[in-house]
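Geometric and topological summary
The chain contents come next:
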Amino acid sequence: DRLLASLRRQNVLPMELILVVSGVTDRQCASLRHEVADGWHLHTRVTCFASLQHQSVSRNVGINASRGDWLAFVDADDEIFPQYFEVVQQHLAERPRLVLLLHSSTHQRRLHFDDRRLMDGHQLYQAHMASRAQHPWILPEITHGHAVVRTDMAKRVYFSTDPRDAVQEDCTFLREIMDLIGDDRDAMLYDNAPLTWYVRRQDKGPAARAWKRLVSSATGQTPPADSRVD
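Rules of the game
- Residues numbered from 1 in each chain as written.
- Predicted model: local features only at pLDDT ≥ 70, side-chain atom pairs only at ≥ 80, totals over all residues.
- Heavy atoms only, no water.
- Helix = DSSP H or I, 4+ residues; strand = E, 2+ residues; numbered from the N terminus.
- Contact = heavy atoms within 4.5 Å.
- Areas by Shrake-Rupley, 256 points an atom, 1.4 Å probe, with all protein chains shown as cover.
- Buried < 20%, exposed > 50% of the residue type's maximum accessible area, 1.4 Å probe, protein only.
- Core = buried A, V, L, I, M, F, W, Y, C linked by side-chain atoms within 4.5 Å.
- Pairing = 2+ DSSP bridges.
- Right-handed = clockwise from strand over helix to strand, strands pointing away.
- Phe/Tyr/Trp six-rings, centres within 6.5 Å; stacked < 30°, edge-to-face > 60°.
- pLDDT = per-residue confidence, 0-100.
- Disulfide = S-S within 2.5 Å.

**A closer look at the overall build of the chain**
- Helix and strand counts for the chain come out as 8 helices and 8 strands.
- Sequence-distant contacts in the chain: of pairs separated by 6 or more residues, those separated by 24 or more amount to 81%.
- When the accessible surface of the chain is split by element, carbon and sulfur atoms take 49% of a total near 11900 Å².

**Structural notes on the environment of Ala154**
- Along the polypeptide, Ala154 turns up in helix α6 (residues 151-157).
- Overall, Ala154 belongs to the buried group, its relative accessible area being 0%.
- Here the alpha-carbon distance between Ala154 and Leu100, two residues 54 residues apart in the chain, equals 9.7 Å.
- The residues contacting Ala154, other than those within four sequence positions of it, are Ile63, Leu71, Val149 and Phe173.

**Thoughts on the nonpolar core**
- Counting residues in hydrophobic clusters, the biggest one holds 26 residues, and the most contacted among them are Leu100, Val149, Phe173, Ile177 and Ile181.
- Where this core is concerned, the elements lending two or more residues are β5 (100-106), α5 (121-131), β7 (146-150), α6, α7 (169-181) and β8 (188-198).
- A per-element tally of this core places α7 first, with 5 residues.
- Beyond its immediate stretch of four places on either side in the chain, Phe173 contacts Phe73, Val149, Ala154, Val157, Tyr158 and Phe159.
- In this structure, Leu3, Cys29, Phe81 and Leu101 belong to the second largest nonpolar core, which totals 24 residues.

**Some thoughts on the pairing of strand β2 (residues 43-49)**
- Of the pairings in the sheet, the one linking strand β1 (residues 16-22) to β2 comprises 7 bridges and is parallel in character. Paired with Glu16 across the strands is His43, a residue of β2.
- Handedness of the β1-helix α2 (residues 26-37)-β2 crossover: right-handed.

**Quick notes on the packing of aromatic side chains**
- Taken as a whole, this structure holds 4 aromatic pairs when the rule is applied.
- An angle of 80° between the planes, with centres 5.9 Å apart, marks the rings of Phe73 and Phe173 as edge-to-face. On the criterion of sequence distance, the pair formed by Phe73 in the loop between β3 (70-72) and β4 (78-80) and Phe173 in helix α7 is long-range, its members being 100 residues apart.
- Overall, the relative accessible area of 1% leaves Phe173 in the buried class.

**Concerning the confidence of the model for the chain**
- Taken over all residues, the pLDDT of the chain has a mean of 81, while the share at 70 or more is 78%.
- Confidence scores differ between elements of the chain, with helix α8 (residues 206-219) showing the lowest mean pLDDT of 58 and α6 the highest of 96.
- Confidence over residues 226-230 falls short of pLDDT 50; this stretch has 18 contacts with residues more than four positions distant or in other chains.

**With respect to the state of the cysteines**
- One pass over the full model with this rule turns up 1 disulfide.
- Disulfide pairing places Cys29 opposite Cys48 at an S-S distance of 2.0 Å. Every disulfide takes its handedness from the sign of the S-S torsion; for Cys29 and Cys48 that torsion is 90°, giving right-handed. Here Cys48 lies in strand β2 and Cys29 lies in helix α2, a separation of 19 residues in the sequence.
- Note on Cys29: relative accessible area 5%, which makes it buried.
- In this structure Cys48 comes out as partly exposed when scored by relative accessible area, which is 21%.

What follows is the structure, given as structure tokens:
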């Protein structure tokens, strides 16, 4: 519910919304389809699995279902700032050669709000090459960075379903994309502005309320007023 509510509040709506849900009954799936279709002025589709699927499987189903040129991946326990697609759209319009756009995420236990900083494709690729042998992640600061990627590139890579990648399929996916793109300054971009947040069950109470105030003052972004994090 939080995720869908944050999507409805977007300043700029996406072209389509694809939800892939696992571990639900036919009745639950029908209810979700009705809820998603109601009031959305964009193309929506819901795919349900009765059995629990690995998140890589769900993401790959979404990749295959997409009709758009770009894909943004959002998990069920995330919320996104109202400016999410507005900021993404601005980056894509200013950089027509982009293939991969990464942006930061945050939650109350890890607040990093430095000055606005962008890393171009050359910087990202060099960091990727320097870190791959020493660290399983691409860069420590984008351990849980969200990816916006061209659909045709996503369909070349897909998310790994190998059990050995079960806790780092995001980074495996991004590393393979970076390897394919290569050292191209204009093809990749990282924006450290946090545009999404994680809302865990335990992230509630006074600490979460203080965190929301800090997000507002430090980033200039506007958290959803009716978010149930507190």
